[in-house]
Amino acid sequence: MPRYLPLDADRRLTAALTDRPANELAALALRLQRACGLRIGELLDLELDCVHQIEGNGSWLKIPLGKLDTERMVPLDQETLALLDRITQIRSPGRPLPHPRYRRQAQFLFTHHGRRLAQNTVRDELDHAAEIAGLGHVTSHQLRHTYATALVNAGVSLQALMALLGHASAEMSLRYGRLFDSTVRTEYERALDLAKEQARQQAPAGSPGPSGRVQPLADITGGTDWKDAPLLKSRMAGGFCLRAPAQGACTYANICEHCPSYRSESSSLPILAAQRVDATALAEDAQRRGWIDEAERHHQLIARLDALIAEAEAQTG
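**Student:** Please clarify how the overall build of the chain should be interpreted in this entry.
**Tutor:** Within the chain, the secondary structure is distributed over 13 helices and nine strands. Surface accessibility of the chain: about 17,300 Å² in total, with carbon and sulfur atoms responsible for 53%.

**Student:** Please clarify how the pairing of strand β9 (residues 239–243) should be interpreted in this entry.
**Tutor:** Consecutive side chains of a regular strand alternate in pointing toward one face of the sheet and then the other. Two strands pair when backbone bridges link them, and strand β8 (residues 232–236) and β9 are joined in this way by five bridges, in the antiparallel orientation. Among the inter-strand pairings, K233 is bridged to a residue of β9, identified as L242. Between the end of β8 and the start of β9, which pair antiparallel, lie two residues.

**Student:** Just to check I follow, could you spell out the layout of surface pockets for this structure?
**Tutor:** Any empty space left between the atoms is revealed when a probe the size of a water molecule rolls over them. By volume, the second largest pocket is sized at about 330 Å³. Around the second largest pocket sit 13 residues that line it, and T14, R31, R34, A35 and E79 are the ones nearest its centre. Elements with a minimum of two residues in the lining of the second largest pocket: α1 (7–19), α2 (24–36) and α4 (78–90). At five residues, the largest contribution of residues to the lining of the second largest pocket is made by α1. Grouping the amino acids of the lining of the second largest pocket by side-chain chemistry returns six nonpolar, two polar and five charged.

**Student:** Sorry if this is basic, but what is going on with the pattern of salt bridges here?
**Tutor:** Think of it this way: side chains of opposite charge can pair up when their charged atoms draw near. By the definition in use, this model includes 12 salt bridges. Taking the shortest distance from any N to any O, the salt bridge between E42 and R39 comes out at 2.5 Å. Here E42 and R39 have matching classes, each one buried. D285 is the partner of K233 in a salt bridge, and the nearest nitrogen-oxygen pair spans 3.0 Å. Remark: D285 occurs in helix α12 (residues 269–289) and K233 occurs in strand β8; sequence separation between them is 52 residues. Residue D285 is classed as buried on the basis of its relative accessible area of 4%. Taken together, the salt bridges that share partners define one network made up of R39, E42 and R72.

**Student:** Any chance you could explain α4 here in plain terms?
**Tutor:** At 3.6 residues per turn, the α-helix brings residues three or four places apart onto the same side. The first and last C-alpha atoms of α4 sit 19 Å apart over 13 residues, in line with the 18 Å expected at 1.5 Å per residue. Residues of α4 that are buried: T80, L81, L83, L84 and I87. Summarising the axial view, the buried residues of α4 lie within an arc of 155°, below the 170-degree limit, and thus occupy one face. Away from its buried face, by an angle of more than 90 degrees, α4 presents the exposed residues Q78, E79 and Q89. On the buried face of α4, the contacting elements are α2, β1 (51–54) and β2 (58–63).

**Student:** Would you explain empty space enclosed by the protein in this entry?
**Tutor:** Scanning the entire structure with this criterion turns up two cavities of 30 Å³ or more. In terms of lining, the largest cavity is formed by R91, S92, P93, G94, R95, L97, Q107, F108, T111, G114 and R115. Its residues placed into classes, the lining of the largest cavity shows three nonpolar, five polar and three charged. Taken together, L231, L232, K233, L282, D285, A286, W291, E294 and H298 make up the lining of the second largest cavity. Elements supplying a minimum of two residues to the lining of the second largest cavity: β8, α12 and α13 (292–316). With three residues, α12 is the largest single contributor of residues to the lining of the second largest cavity.

**Student:** Explain the sheet that holds strand β3 (residues 72–75) to me, please; I cannot follow it from the model alone.
**Tutor:** Backbone hydrogen bonds are what pair the strands of a sheet, in a parallel or an antiparallel way. Pairing is antiparallel in the open sheet, where three strands are placed in the order β1-β2-β3. The open sheet is flanked by β1 and β3, the only strands paired with a single partner. Taken over all neighbouring pairs, the strand axes of this sheet differ in orientation by 40° on average, direction set aside. Judged from the four bridges that link them, β1 and β2 form a sheet pairing that is antiparallel. Among the inter-strand pairings, H52 is bridged to a residue of β2, identified as W60.

**Student:** Mind showing me how you'd approach the nonpolar core here?
**Tutor:** Across soluble globular proteins, you tend to see nonpolar side chains buried next to one another. By size, the foremost hydrophobic cluster in this structure holds 44 residues, and its most contacted members are L13, L32, L46, L61 and F110. For this core, the secondary-structure elements that each account for two or more residues are α1, α2, α3 (40–44), β2, α4, α5 (119–132), α6 (140–153) and α7 (158–165). Ranked by residues supplied to this core, first place goes to α2 with eight residues. Beyond its immediate sequence surroundings of up to four residues, L61 is in contact with C36, L38, L46, C50, V51, R72, M73, V74, L76 and L84.

**Student:** Which parts of the structure should I look at to understand the packing of α2 against α6?
**Tutor:** Each pair of packed helices can be summarised by the angle the axes make with each other and by the distance between the axes. Following both chains from N to C, one finds α2 and α6 inclined at 30°, their axes separated by 7 Å at the closest point. Like other packed secondary-structure pairs, α2 and α6 cross with a definite hand, here right-handed. Along the contact surface, α2 presents L30, Q33, R34, A35 and C36, while α6 presents S140, H141, L143, T146, Y147 and A150. When grouped by side-chain class, the residues that make up the contact of α2 with α6 number six nonpolar, four polar and one charged.

Conventions used here
Residues numbered from 1 in each chain as written. Predicted model: local features only at pLDDT ≥ 70, side-chain atom pairs only at ≥ 80, totals over all residues. Heavy atoms only, no water. Helix = DSSP H or I, 4+ residues; strand = E, 2+ residues; numbered from the N terminus. Areas by Shrake-Rupley, 256 points an atom, 1.4 Å probe, with all protein chains shown as cover. Pairing = 2+ DSSP bridges. 1 Å grid on protein atoms, 1.4 Å probe; cavity = no way out; pocket = protein on both sides within 12 Å on 5 of 7 lines; lining within 4 Å. Points joined across faces, edges and corners; volume = space filled by probe spheres on them. Nonpolar A, V, L, I, M, F, W, Y, C, P; charged D, E, K, R; others polar. Salt bridge = Lys/Arg side-chain N within 4 Å of Asp/Glu carboxyl O. Buried < 20%, exposed > 50% of the residue type's maximum accessible area, 1.4 Å probe, protein only. Expected span 1.5 Å × (residues − 1). Arc of directions from axis to C-beta. Contact = heavy atoms within 4.5 Å. Axes fitted to C-alpha atoms, helices over the stretch in contact; angles between N-to-C directions. Core = buried A, V, L, I, M, F, W, Y, C linked by side-chain atoms within 4.5 Å. Left-handed = near helix turned anticlockwise from the far one by under 90°.

Structural measurements only, silent on function.
Next comes the structure, spelled out in structure tokens:
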């Protein structure tokens with residue numbers, strides 16, 4: 001099991017980082033890592049425009065490509081937003097610096113005297129705070145473990161934990177608490193009961209509900225066109241899917257179109273063409289929002305649709 005800081009030690013360390021920092025910028029970085037469960041590499045790769053305001057869904061922190069080559073969004077509360085405001089106040093502005101992953105110039109959040117904050121500087125500040133707090137050796141990754149363990153103890157769902165930590169498998173997230181047995185079953189039964197209740201109360205958008213009333217799409221998208229909604233979106237031949245950014249890309253999105261057994265025919269050409277138009281718009285939308293993996297997924301779908309369209313056109317001669 002990963003090591004985490006007990007509640008009392010967590011409080012004492014946070015107090016030391018807040019009240020008696022040797023390097024305020026490094027101390028703020030550690031407090032942000034604890035507040036959002038970041039890996040140290042993800043923390044120091046944050047860019048100046050990492051905070052995103054999503055209409056109707058509050059503020060989110062965009063975490064760049066990390067250990068597993070994935071991006072994710074983490075919701076922010078007012079206390080963490082104030083922390084980020086303080087960071088932007090005391091950081092040293094300077095010229096853009098090369099990004100280690102994207103191969104472009106970037107304005108990083110943690111810069112000091114024209115240089116990026118180094119991992120050793122952050123670790124030195126953590127050693128300083130741990131000594132003041134009367135703790136033994138503490139690693140920065142323990143702050144991530146402490147964040148995850150606190151969420152588990154608060155009853156967060158496994159799916160949400162995976163999204164917040166950027167884990168590719170449930171096994172990785174299960175290490176952060178004894179989620180098997182009662183907790184998983186309780187969460188499953190709670191979600192199942194909720195799903196049944198929602199099914200009784202309303203039908204999917206665009207279909208008649210129990211009273212015969214069609215649920216308007218605006219109830220889901222906040223009144224905007226679904227392709228413009230600040231959500232992760234997938235276009236299928238017979239409809240579409242909308243997901244919150246924190247959920248991450250869906251493993252099953254457009255799985256049928258990519259299946260080797262999938263076949264199309266000439267009568268489906270208008271549907272495939274319309275799907276391609278939407279996929280192009282969704283790729284551009286994801287690129288604007290900085291969802292690199294999501295944009296790439298749409299481009300892969302476009303390539304697959306081109307092949308399917310060519311096959312269907314060949315059938316017509």
